[in-house]
Amino acid sequence: MNIFARFAQDESGATAIEYGLIAALISVGIILAATALGGSLGNLFNGIAGKLTTETGKIGTGTGTGTGTGG
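This is a predicted model, so every value here is computed, not measured.

For the protein, the helix and strand inventory stands at 2 helices and 0 strands. Here the protein, with 71 residues, has 0% of them falling under the buried criterion.

Together, L37, L41, L44, F45, I48 and L52 give the surface a local cluster of nonpolar side chains, amounting to about 590 Å² of exposed area. Turning to its location among the elements, L52 is positioned in helix 2 (residues 12-58).

For helix 2, with 47 residues, the first-to-last C-alpha span of 65 Å sits near the 69 Å given by 1.5 Å per residue. Where helix 2 bends most, the angle comes to about 45°, and this point is G38.

Cut-offs used in this document
- Residues numbered from 1 in each chain as written.
- Predicted model: local features only at pLDDT ≥ 70, side-chain atom pairs only at ≥ 80, totals over all residues.
- Heavy atoms only, no water.
- Helix = DSSP H or I, 4+ residues; strand = E, 2+ residues; numbered from the N terminus.
- Buried < 20%, exposed > 50% of the residue type's maximum accessible area, 1.4 Å probe, protein only.
- Patch = residues over 30% accessible without salt bridge, like charges linked within 9 Å, V, L, I, M, F, W, Y side chains within 5 Å.
- Areas by Shrake-Rupley, 256 points an atom, 1.4 Å probe, with all protein chains shown as cover.
- Salt bridge = Lys/Arg side-chain N within 4 Å of Asp/Glu carboxyl O.
- Expected span 1.5 Å × (residues − 1).
- Bend = angle between axes of the 7 residues up to and from the residue.

Here you go:
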């Protein structure tokens with residue numbers, strides 16, 4: 001009977017379950033935030049990429065030899 005009494009009073013399993021539920025809730029929150037912000041972040045990076053492409057197209061080809069020795 002002593003084994004059953006100790007098992008009934010043991011709360012370590014309940015604590016582990018609580019931590020698991022908290023981790024799951026945080027994960028769901030991160031997934032929802034990433035889903036909500038994903039489109040706008042994608043648009044932001046695409047806009048930046050477009051501007052970089054436009055600006056680098058304005059740079060001339062230069063007259064260097066392309067050897068990378070500098071100067």
